Amino acid sequence: MEKRMDRWIRDPALSSEGYRRIAWAEARMPVLMRIRERFRRERPLEGVRISACLHVTKETAALVRTLREGGAEVALCASNPLSTQDEVAAALVEDYIRVYAFRGMSEEEYYEAIGRALAIGPEVTVDDGADLTVTVHKLAHGIPSPELNWVRRGLGAEGVEVEGIAGGTEETTTGVIRLKALEREGRLLYPVIAVNDSPTKSLFDNPIGTGQSTIDAILRATGILLAGKRVVVFGYGRVGSGIAARARGMGAEVIVVEVDPVRALNAAMNGYRVCSSLEAARVGDVFITATGNINVIRREHMEVMKDGAVLANAGHYDVEISLKDLRDLSVEVEEVSQHVKRYRTRDGRNLYLLAEGRLVNLVAAEGHPSEVMDLSFSLQALSVEHVVKNRGRLEVKVHDVPAEIDREVAMTKLRTMGIEIDRMTEEQARYVSDWRLGT
Ligand SMILES: NC(=O)c1ccc[n+]([C@@H]2O[C@H](COP(=O)([O-])OP(=O)(O)OC[C@H]3O[C@@H](n4cnc5c(N)ncnc54)[C@H](O)[C@@H]3O)[C@@H](O)[C@H]2O)c1
């Protein structure tokens, strides 16, 4: 472990492997690389201090290196204690980026690392799940919270000057939900751009990126055959619908559990069996949560599951599968392999939990493929630039990504894929914008 003012990483000797992985990602992120070229020429982030709390993966490295080419000074901490790729962290510190992240951090270390990333005195925050942004707000509002003691250990006596923060960005659904709740209470202190909600993010990253990498992670961890299995997906939102489609593509019989009637109907009309969680619990072989909600799989479900059932979570936090209930029901816990724990219940069944109930695709696999993160992180880079350009002019609220940024990223991606699309004729453009014209 190397712990200094400017870094807290597992092992600096891993950097050459980290560089190889980053190079692999960057070769598949052409849109972000074009933005990097422009940032290198124009330096729109010259001297801007950014605290970022993201999964420390090879794709995140590509983003952070782009922000640095734009002139920013970046301090990076992990947005999950188990998702850090240690070799990527090692490569980034060689690139003069402050990194406070290693795989397998304790909760205490996780929050101390957030404190350290904030010690840079951010002008922009970049977040995934809102732990960093919420920490800033708890400190500023003087809201007592046990984790703040650990944050202060990393942050030092100075604290964070909220007045110096021009704005922030948020990467995921759970983070946006937390920030909107903060806004509703009138306690949001600076503007934040909800990158998650932009179509160019949520139509691709959530269903396609998480869909593929969640299946990838389950297969890497267990090697089971999906064909013929009953896969139960909890939540048919952006993420869950992607997982369901990919599991079906592998030959599984997919069952959907929902609480929203519209989403449930959508799943039913897409040909999935939709039923109550208790009914699904009895018949499922593999259970995947993707709701952003708490205790979605709990004691009553675990009690009726089949021997050998596999449990995985793709939602942001490790709260969707009740670990407490699983422990309470069990007489024995055994680590079967790196990402699989076997829980033996009192009545003699085995339930297999993957990745400790944390987001399985980032813990047991490598997170979203680079090609899809090209979109999300291009939006992030341009949103950071937008915040800096409009410093002091953005209303303090949760903003959508500006539509022109969304279009620009989608258009550039299409070009890099060699795809040309049509433009409307003048007549068509007139027709769709004039209410007088009908049949
Ligand atoms: N693993 C990843 O890499 C990754 C990527 C993107 C998003 N996420 C996370 O995945 C989660 C879901 O994101 P999303 O964009 O799909 O959100 P979403 O709002 O589009 O979908 C969530 C769905 O879950 C349903 N739901 C809520 N409570 C439920 C319950 N008790 N039982 C069954 N269904 C329930 C909702 O009705 C909704 O349809 C969030 O936590 C998000 O942050 C993870």
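Residues numbered from 1 in each chain as written. Predicted model: local features only at pLDDT ≥ 70, side-chain atom pairs only at ≥ 80, totals over all residues. Heavy atoms only, no water.

With that settled, the discussion passes to the site of the ligand. Taken together, 26 residues sit near the ligand, with T172, T173, T174, E258 and R263 positioned nearest. In this structure, a nitrogen atom belonging to the ligand sits 2.8 Å away from a main-chain N or O atom of A314. Note that an oxygen atom of the ligand is positioned 2.9 Å from one of the side-chain N or O atoms of N361. When atom positions are compared with the pocket grids, the ligand is found to occupy the largest pocket. Mapped by element, the contributors of at least two residues to the shell around the ligand are α8 (173-184), α10 (205-222), α11 (238-249) and α16 (360-363). Of the residues belonging to the shell around the ligand, the class tally is eight nonpolar, 14 polar and four charged. (Near = heavy atom within 4 Å. Polar contact = N/O pair within 3.5 Å; in protein donor to acceptor, adjacent residues only side chain to side chain. 1 Å grid on protein atoms, 1.4 Å probe; cavity = no way out; pocket = protein on both sides within 12 Å on 5 of 7 lines; lining within 4 Å. Sits in = over half its atoms within 2 Å of the grid points. Helix = DSSP H or I, 4+ residues; strand = E, 2+ residues; numbered from the N terminus. Nonpolar A, V, L, I, M, F, W, Y, C, P; charged D, E, K, R; others polar.)

A separate point is unusual backbone geometry. A positive phi angle is found at A130, which is not glycine, with a value near 75°. One non-glycine residue, E356, adopts positive backbone phi at about 55°. You can see E356 is positioned in the loop between β16 (350-354) and α16.

In this section: a positive patch on the surface. On the surface, R34, R407, R415 and R423 cluster together into a positively charged patch. Secondary-structure assignment places R34 in helix α2 (residues 30-42). (Patch = residues over 30% accessible without salt bridge, like charges linked within 9 Å, V, L, I, M, F, W, Y side chains within 5 Å. Areas by Shrake-Rupley, 256 points an atom, 1.4 Å probe, with all protein chains shown as cover. Salt bridge = Lys/Arg side-chain N within 4 Å of Asp/Glu carboxyl O. Lys, Arg positive; Asp, Glu negative; His and termini not counted. Charge placed at Lys NZ, Arg CZ, Asp CG, Glu CD.)

Our next topic: the sheet that holds strand β7 (residues 167-170). Pairing is mixed across the open sheet formed by nine strands, whose spatial order is β1-β2-β5-β4-β3-β6-β7-β8-β17. What marks the edges here is a single partner per strand, and that holds for β1 (2-4) and β17 (398-400). Direction aside, the axes of adjacent strands within the sheet are offset by 25° on average. Where β7 and strand β8 (residues 192-194) come together, three bridges link them in parallel fashion. Each residue of the ladder has a partner; that of E170, found in β8, is A194. (Pairing = 2+ DSSP bridges. Axes fitted to C-alpha atoms, helices over the stretch in contact; angles between N-to-C directions.)

This paragraph deals with the nonpolar core. Core analysis: the largest hydrophobic core is formed by 84 residues, its most contacted members being L45, I50 and L67. The element best represented in this core is helix α17 (residues 370-389), accounting for 10 residues. Counting residues in each nonpolar core, the second largest holds 31 residues, with I215, A252, I288 and L354 among its members. (Core = buried A, V, L, I, M, F, W, Y, C linked by side-chain atoms within 4.5 Å. Buried < 20%, exposed > 50% of the residue type's maximum accessible area, 1.4 Å probe, protein only.)

So, about the pairing of strand β15 (residues 340-345). Here strand β14 (residues 330-337) runs beside β15; their pairing, made up of six bridges, is antiparallel. Note that in β15 the partner of V333 across the bridge is Y343. What sits between the antiparallel neighbours β14 and β15 is a turn of two residues. Joining the antiparallel neighbours β15 and β16 is a turn of four residues, in which G348 adopts a positive phi near 90°.

Buried within helix α7 (residues 147-155) are the following residues: E147, L148, V151, G154 and L155. Along the long axis of α7, the arc covered by the buried residues comes to 115°, so they all point the same way. Here the buried face of α7 lies against α5 (107-118) and α6 (131-141). Count one or two residues on from α7 and you reach G156, which has phi positive near 85°. (Arc of directions from axis to C-beta. Contact = heavy atoms within 4.5 Å.)

These figures capture arrangement, not role.
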